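What follows is each chain in one-letter form.
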Amino acid sequence: MIYTFENAREEHLNDIVRIWHEGWIDAHAAIAPAELTNMRTIESLETRANDRLDLIRVMMLDGQVAAFHMIKNDELDQFFVDRAYRGKGTARALMADVESVFSENNIKTAWLACAIGNERAAAFYRKAGWHFMRVMLLPVHVESGSFILDIWRFEKQIV
Ligand SMILES: CC(C)(COP(=O)(O)OP(=O)(O)OC[C@H]1O[C@@H](n2cnc3c(N)ncnc32)[C@H](O)[C@@H]1OP(=O)(O)O)[C@@H](O)C(=O)NCCC(=O)NCCS
């Protein structure tokens, strides 16, 4: 598998939004409150991706965006692998890039929020050395402000 990582640019935007939207539906539609699902439109994700392009890195594989992550300070804010590349070790490579960004930014303890019931992501995070800490209330970003819900908090010590 030959892949590279790049800081996201405008030309990646359509792929990022598609992967984000499909991944959100796959992982969350069945477990998230309907009110939140209704707000996770393609347009809302496009606005967020566009506004935070500087926080996103893409994994390029076969000339395509195969996955992306978004990091905000000490938080792994978004972590998505294209449907075609799941279950193939892509997520592990993506996580290595996440950790190198934390490391470069001198972050010692990183954290992430995983939707309660997103078992596949939780299984992957555990495999990647992240530790479940606790359930916590988190205001998640929505266009009208924020939406508060319980999430699983995971943390990892970055070496
Ligand atoms: C979460 C994600 C990045 C993980 O990447 P991946 O390539 O699917 O990860 P892997 O296949 O290496 O690992 C997932 C593990 O969950 C297991 N798994 C698969 N489906 C599962 C399910 N429905 N329930 C529980 N575990 C499941 C896999 O078997 C695997 O474990 P194994 O290696 O011991 O067999 C990817 O699935 C994805 O992008 N999902 C949609 C978006 C998402 O949920 N992002 C995270 C938001 S917090």
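Data block above holds the structure.
Residues numbered from 1 in each chain as written. Predicted model: local features only at pLDDT ≥ 70, side-chain atom pairs only at ≥ 80, totals over all residues. Heavy atoms only, no water.

Asks: Run through the pattern of salt bridges, naming residues and quoting values.
Replies: Charged atoms that come close allow side chains of opposite charge to pair. Applying the stated criterion across every chain yields a total of 13 salt bridges. The closest approach of N and O atoms between arginine 9 and glutamate 11, which form a salt bridge, is 3.2 Å. Owing to a relative accessible area of 37%, arginine 9 belongs among the partly exposed residues under this scheme. Taking the shortest distance from any N to any O, the salt bridge between glutamate 99 and lysine 156 comes out at 2.9 Å. Here lysine 156 lies in strand β7 (residues 145–157) and glutamate 99 lies in helix α4 (residues 90–104), a separation of 57 residues in the sequence. Each member of the pair, glutamate 99 as well as lysine 156, carries the same accessibility label: buried. Connected through salt bridges with shared partners, the residues Asp15, Arg18, Glu22, Asp26, Asp82, Arg83 and Arg86 form a single ionic network. (Salt bridge = Lys/Arg side-chain N within 4 Å of Asp/Glu carboxyl O. Buried < 20%, exposed > 50% of the residue type's maximum accessible area, 1.4 Å probe, protein only. Helix = DSSP H or I, 4+ residues; strand = E, 2+ residues; numbered from the N terminus.)

Asks: Describe the environment of serine 144, and please don't skip the residues or the numbers.
Replies: Structurally, serine 144 is set in the loop between β6 (131–142) and β7. With 105 residues separating them in the primary sequence, serine 144 and methionine 39 have C-alpha atoms 9.3 Å apart.

Asks: Any chance you could break down the site of the ligand for me, citing the residues and the numbers?
Replies: Near the ligand there are 17 residues, and of these Phe79, Val81, Gly87, Arg120 and Lys127 occur at the shortest range. The separation between an oxygen atom of the ligand and a polar side-chain atom of lysine 127 is 2.6 Å. With the chains in place, 68% of the 940 Å² that the ligand exposes on its own is no longer accessible. Looking at the shell around the ligand, the elements with two or more residues in it are α1 (13–28), β4 (75–81) and α5 (119–127). Of the residues forming the shell around the ligand, the biggest block, 7 residues, is contributed by α5. Taken together, the residues that form the shell around the ligand break down as 10 nonpolar, 3 polar and 4 charged. (Near = heavy atom within 4 Å. Polar contact = N/O pair within 3.5 Å; in protein donor to acceptor, adjacent residues only side chain to side chain. Areas by Shrake-Rupley, 256 points an atom, 1.4 Å probe, with all protein chains shown as cover. Nonpolar A, V, L, I, M, F, W, Y, C, P; charged D, E, K, R; others polar.)

Asks: Before we move on, could you go through α4 and cite the residues and values that matter?
Replies: Helix length check: α4 (15 residues) gives 21 Å between terminal C-alpha atoms against 21 Å at 1.5 Å per residue, within 8%. Within the span of α4, buried status applies to Thr90, Ala91, Ala93, Leu94, Met95, Asp97, Val98, Glu99, Val101 and Phe102. (Expected span 1.5 Å × (residues − 1).)

Asks: Go over the packing of aromatic side chains with me, naming the residues and quoting the values.
Replies: Per the counting criterion, the structure on display carries 10 aromatic pairs. Taken together, a centroid distance of 5.7 Å and an interplanar angle of 75° make the contact between tyrosine 3 and phenylalanine 5 edge-to-face. Residue classification places tyrosine 3 among the partly exposed positions, given a relative accessible area of 34%. When the ring of tyrosine 125 is compared with that of tryptophan 130, the centres are 6.4 Å apart and the planes differ by 55°; the resulting orientation is tilted. A single burial state applies to tyrosine 125 and to tryptophan 130, both of which are buried. Of the aromatic side chains, those joined through ring pairs into one cluster are Phe79, Phe124, Tyr125, Trp130, Phe132 and Phe154. (Phe/Tyr/Trp six-rings, centres within 6.5 Å; stacked < 30°, edge-to-face > 60°.)

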